Amino acid sequence: PMFLYIAGTMITFSCRNAFSLEAAPNGPSTLNYAWTWYQLPYGVIAVSLSTTLLTELSDCAAREDWEGFRGFIRSGLRSTFFLIIPLALLVGALAQPLMQLFQAGAFTADEVNNVGSILAVWVLSLPFYAGYMYMYRVFAALRSFLKFALIDFVVRFVQVAGYWYLCQPNVLGLAGIPVADLGFYAVMFVVCSFIVRGKVGSYGNRSIVVMVVKTVAASVVGAVAAGVLANGMGVLLAGVAISAVVKAVAILAVSGIVGLVVSFGLCKVLRVEEFAVLSRIGSKFAGKLGRGKKGNHAA
């Protein structure tokens, strides 16, 4: 099953490079730069959660504890979406200053705009991508990975067809790649969710949707606030004699923090239960800092 899954991903990757090269001479390199930032929130947040919960899911499946299994699916998806949605929208809102970090060498202002615009579209699929990869682990825990690999392999031909059509110059050009990916990840997540629900029962799908809607609403406000602040700082720093990289770092630090505070603050106002995750992380972090300071004083 893993060979089938990898074969599908390699076919998609090859076609993505081929059609992006037809859409633009620097298409593959543009996608590679954008993909670096696309993967960062997923790698830091979603991989950590899904890897940790895979052990729990596998244990429940082996004992046929389906109530516990449903609980870990629900908590894993809710935590993943709660953390990844604000970060995804912030990356989209701050795509231009993020790309300016590459401007230390021969990366021109036009290339910053091109890569930033692709990244801003691509991150819209990031929550679906995180959910899709979580379902990857759910099927593995159920020992039904062959079913997942077969579905994935078939749907990837639709994804490649999307690359072919959407990347045409008179359609979307290079932006067709992230739009086709959005469709693929969304379809795979929804299809896999229905299959898992049919096998183990409902795991609180309605409550997950409600939580996602609240988180999206809060994150949109936070992303808009970060974007407006970033544009304002860009105008203020335009005449300052410092490098583009230093300007980008300053803009990202200030606007990123404001965006996160607004997004998660509104999540608390909207009573999103997963806000407790941040509280626990903050408590643990503060506790470690406290122990570290005590250790330094003792030394």
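Residues numbered from 1 in each chain as written. Predicted model: local features only at pLDDT ≥ 70, side-chain atom pairs only at ≥ 80, totals over all residues. Heavy atoms only, no water.

1. Some thoughts on helix α2 (residues 27-62)
Let me state the cut-off plainly: The helix count covers DSSP runs of H or I at least four residues long, the strand count covers runs of E at least two residues long, and both are numbered beginning at the N terminus. Here a helix's expected span is defined as the number of its residues, less one, multiplied by 1.5 Å.
The end-to-end C-alpha distance of α2, which contains 36 residues, comes to just 46 Å, noticeably less than the 52 Å that a straight helix rising 1.5 Å per residue would cover. Immediately downstream of α2, the backbone of Glu-64 shows phi near 55°, a positive value.

2. Section: unusual backbone geometry
For clarity, the threshold we go by: We call a residue buried when its accessible area falls under 20% of the maximum for its residue type, exposed when it is over 50%, and partly exposed in between, using a 1.4 Å probe and counting protein chains only.
A positive phi is found at Glu-64, a non-glycine position, where the angle reads about 55°. Tracing the chain through its elements places Glu-64 in the loop between α2 and α3 (66-93). Judged by relative accessible area, Glu-64 falls into the exposed class, the value being 59%. Positioned with a positive phi, Arg-271 is a non-glycine residue whose angle comes to about 60°. Mapped onto the elements of the fold, Arg-271 is located in the loop between α10 (244-269) and α11 (275-298).

3. Here's the deal with the environment of Tyr-42
When you line up the elements, Tyr-42 lands in helix α2. Looking at Tyr-42, the relative accessible area reads 5%, which means it is buried. Expressed as a C-alpha distance, the spacing of Tyr-42 and Ala-130, which sit 88 residues apart in the sequence, is 6.6 Å.

4. Concerning the side chain of Ser-144
Worth spelling out the cut-off: For this analysis, residues touch if any pair of their heavy atoms sits within 4.5 Å.
The topology assignment puts Ser-144 in the loop between α6 (126-141) and α7 (145-166). Looking at Ser-144, the relative accessible area reads 17%, which means it is buried. Residues in contact with Ser-144, not counting those within four places in the same chain, are Phe-139 and Lys-199.

5. With respect to the nonpolar core
What counts, and what does not: Put simply, a nonpolar core is a bunch of buried Ala, Val, Leu, Ile, Met, Phe, Trp, Tyr and Cys residues held in one set by side-chain atoms that sit within 4.5 Å of each other.
Grouped together as the largest cluster of nonpolar side chains are 79 residues, with contacts concentrated most on Phe-69, Ile-73, Leu-77, Leu-119, Tyr-132, Val-138 and Phe-148. Residues contacting Ile-73, with those up to four places away along its chain left out, are Leu-57, Tyr-134, Val-138, Val-196, Val-200 and Tyr-203.

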